[in-house]
Amino acid sequence: MTDHRFDVVILGGGSGGYAAALRAAELGKSVAVIEKDKLGGTCLHRGCIPTKALLHAAEVADAARDAASIGVRASLDGIDPEGVRAYREGIVAKKFKGLEGLIKARGITVVPGSGTLEAGPAVRVGADLYAGTDVILATGSYSRSLPGLEVGGRILTSEGALGLPEIPRRVIILGGGVIGVEFASVWKSFGAEVTIIEALDHLVPAEDVSSSKALERAFRKRGIASSLGVRFASAEQTADTVTVTLENGSTFEAEYLLVAVGRGPVTAGLGYEEAGVTLERGFVVTDERLRTAVPHVWAVGDIVPGLQLAHRGFQQGIFVAEEIAGLNPVVVPDLQVPKVTYSNPEVASVGWTEAQAIAARGADAVVSYEYNLAGNGRSEIIGTSGIVKVVREKDGPVLGMHLVGARVGELITEGQLAVAWEAHPEDIAPFIHAHPTQSEALGEAFLALAGKPLHAL
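Residues numbered from 1 in each chain as written. Predicted model: local features only at pLDDT ≥ 70, side-chain atom pairs only at ≥ 80, totals over all residues. Heavy atoms only, no water.

This part takes up the overall build of the chain. Counting secondary structure elements, the chain contains 13 helices and 24 strands. Radius of gyration (C-alpha) of the chain: 23 Å, near the 23 Å computed for a compact globule of 457 residues. For the chain, the residues scored as buried account for 50% of the 457 residues in total. Here the contacts in the chain between residues at least 6 apart in sequence split such that 62% fall between residues at least 24 apart. Carbon and sulfur atoms provide 53% of the accessible area of the chain, an area that totals close to 21,000 Å². Here the chain holds 41 positive side-chain charges and 54 negative ones, and the gap between their average locations is 3 Å. (Helix = DSSP H or I, 4+ residues; strand = E, 2+ residues; numbered from the N terminus. Rg over C-alpha atoms; globule rule 2.2 N^0.38 Å. Buried < 20%, exposed > 50% of the residue type's maximum accessible area, 1.4 Å probe, protein only. Contact = heavy atoms within 4.5 Å. Areas by Shrake-Rupley, 256 points an atom, 1.4 Å probe, with all protein chains shown as cover. Lys, Arg positive; Asp, Glu negative; His and termini not counted. Charge placed at Lys NZ, Arg CZ, Asp CG, Glu CD.)

Printed below as a string of structure tokens:
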């Protein structure tokens, strides 16, 4: 048995863990990262990066399919699953190599293996103990299923869907949240028949209802079917098919079932509670500065209740590293974290939905404006429909921004700035948005809320 001593020991090398490691090392701390798989975690290897590579391949397929509509002679001969796989894995490999280089350049020690938290604080890996002045828990999340629904065979999680060697002809997706609608978008572009089953009344139910309805309209136009508002009852599979039954007796049959009902925290069996860390429903309880109940033990990323987003994990990892170093960083609440669903069309948002704003401030104190992308020149050129919706306090700041349309994820940072800085539309309206860009749609919404609409009545 060997004892090792570091300033900071991090359990988990995913988005939150490696961000904390890089920033802590930059601030002069000695750092060890314990990772049982690969640096980069789910996001790099099985989530954000590979799925967005698939979505880009899907976008190219759609562009080829529709090229004649803009006078370009092209045709789509089909999808080569092996070629798509090679493209996707090449992207991941390049980003992984870059991350390994960064970690090495910062002098960070990477310890391969499964770790468990112990008092000290410290993390045990086999017979070795890695003690830290501070320990950061960053063990990430896993794909959830439902009671009685066993994953295997033709019933897949997102990880299994990524590894499929074929393009299914018919697929059912259980769950209409971010993961579900992104895979629905990919498979439809690749030529599959897709049905989404969502127990709540709308797709992407965490978004503003106007965004959900806009996405539903776009998906119906694309031929993606949805069953909304009825709960899943059971699933049975044979060698060739899966049959899903809902609580109202409706049945659906396909070659595969993707289970996309959310992600759970990876905290079980890691010694957290034994070391004094408080868990609720498996999540690590922290204060607003990400301190656990155990002194000098912190938690970041998907194991902390709230949005499960890689960029939230990055921010929290950086925050904790700076907090440990005594820099007193600014807390960024989940309300100010931008969200993007990379389907076709994309859905992006930050801040309160209109319903949340009304619940918090009252109906008489909330004003919203919705601008249709049909009035935006750039959106017309690239062939997208959608909306930009801005929610504000009456005579007050911007409270939320909600966008639907191709490439609108690239616009949401402006919304984050407006919400986080409590800007009034009147503050933003004088600023110029380049023409022709989709960002002009944001400018139009701010102009309208400032009482001087330009291209809208």
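So that's the structure; there's more coming.
In this section: the sheet that holds strand β9 (residues 170-174). The parallel open sheet is built from five strands, whose spatial order is β8-β15-β9-β10-β11. Edge positions in the open sheet fall to β8 (155-156) and β11 (225-228), since each of these has one partner strand only. Bridge count between β8 and strand β15 (residues 256-259): two bridges; the pairing is parallel. Residue Ile155 lies in a different strand from β15, and its bridge partner there is Leu257. (Pairing = 2+ DSSP bridges.)

Moving on: unusual backbone geometry. The step from Gly120 to Pro121 runs through a cis peptide bond, and the omega angle for that step is -5 degrees. Summarising the element assignment, Pro121 is placed in the loop between β4 (116-118) and β5 (122-125). Going from Asn344 to Pro345, the amide bond is cis rather than trans, its omega being 5 degrees. Secondary-structure assignment places Pro345 in the loop between β20 (339-341) and β21 (346-351). The backbone of His296 shows a phi angle near 70 degrees, a positive value even though the residue is not glycine. Judged by relative accessible area, His296 falls into the partly exposed class, the value being 45%. Positive phi, close to 50 degrees, is recorded for Glu422, a residue that is not glycine. Checked against the element boundaries, Glu422 lands in the loop between α11 (412-420) and α12 (425-428).

Okay, the pattern of salt bridges next. Counted according to the given criterion, the structure contains 22 salt bridges. Between Asp287 and Arg291 there is a salt bridge, and its shortest N-O distance comes to 2.7 Å. Judged by relative accessible area, Arg291 falls into the partly exposed class, the value being 39%. For Lys389, the salt bridge identified is with Glu354, shortest N-O distance 2.7 Å. Here Glu354 lies in helix α9 (residues 354-361) and Lys389 lies in strand β23 (residues 387-393), a separation of 35 residues in the sequence. (Salt bridge = Lys/Arg side-chain N within 4 Å of Asp/Glu carboxyl O.)

Core analysis: the largest hydrophobic core is formed by 47 residues, its most contacted members being Ile10, Val31, Ile136 and Leu137. Where this core is concerned, the elements lending two or more residues are β1 (3-11), α1 (15-26), β2 (31-35), α4 (81-105), β5, β6 (128-137), β19 (297-299) and α8 (310-324). If one sorts the elements of this core by residue count, α1 sits on top with six residues. In this view, Leu137 contacts Leu11, Leu117, Tyr272, Val277, Val297, Trp298, Ala299, Val300 and Ile303; residues no more than four positions away in its chain are not counted. Judged by nonpolar contacts, the second largest core, of 32 residues, contains Leu55, Ala192, Ile196 and Ala260. (Core = buried A, V, L, I, M, F, W, Y, C linked by side-chain atoms within 4.5 Å.)

A few words now on the environment of Leu162. Within the secondary structure, Leu162 is located in helix α5 (residues 158-162). Sequence spacing of Leu162 and Val204 is 42 residues, and the spatial spacing of their C-alpha atoms is 21 Å. Each residue touching Leu162, except ones within four places of it in the same chain, is listed here: Arg46, Pro50, Thr51, Leu54, Arg88 and Phe183.

Before going further, it helps to spend a moment on the packing of α1 against α8. Where α1 meets α8, the axes come as close as 7 Å, and the angle between the chain directions of the two elements is 35 degrees. When you trace α1 past α8, the crossing you get is right-handed. Along its contact with α1, which presents Ser15, Gly16, Tyr18, Ala19, Ala20, Arg23 and Ala24, the element α8 presents Ala310, Gly313, Phe314, Gly317, Ile318, Ala321 and Glu322. A class-by-class count of the residues in the contact of α1 with α8 yields eight nonpolar, four polar and two charged. (Axes fitted to C-alpha atoms, helices over the stretch in contact; angles between N-to-C directions. Left-handed = near helix turned anticlockwise from the far one by under 90°. Nonpolar A, V, L, I, M, F, W, Y, C, P; charged D, E, K, R; others polar.)

Within this structure, the stated rule accounts for three aromatic pairs. When the centroid spacing of 5.4 Å and the interplanar angle of 45 degrees are considered together, the rings of Phe183 and Trp187 count as tilted. Pair noted here: Phe183 and Trp187 are both in helix α6 (residues 178-189), with a separation of four residues, about one helical turn. Assessed through its relative accessible area of 5%, Phe183 is described here as buried. Lying over the aromatic face of Tyr256, Arg154 brings its terminal NZ or CZ to 4.8 Å of the ring centre. (Phe/Tyr/Trp six-rings, centres within 6.5 Å; stacked < 30°, edge-to-face > 60°. Lys NZ or Arg CZ within 6 Å of the ring centre and 35° of its normal.)

The next thing to look at is the sheet that holds strand β12 (residues 232-237). Within the open sheet, the three strands sit side by side as β12-β13-β14. Their pairing is antiparallel. Edge positions in the sheet fall to β12 and β14 (251-254), since each has one partner strand and no second. Within the sheet, the average angular offset between the axes of one strand and its neighbour, ignoring direction, is 15 degrees. For β12 and strand β13 (residues 242-246), the ladder comprises five bridges, and the chain directions are antiparallel. In the strand pairing of β13, Gln237 is matched with Val242.

Spatial relationships are all this shows, so hold off on functional conclusions.
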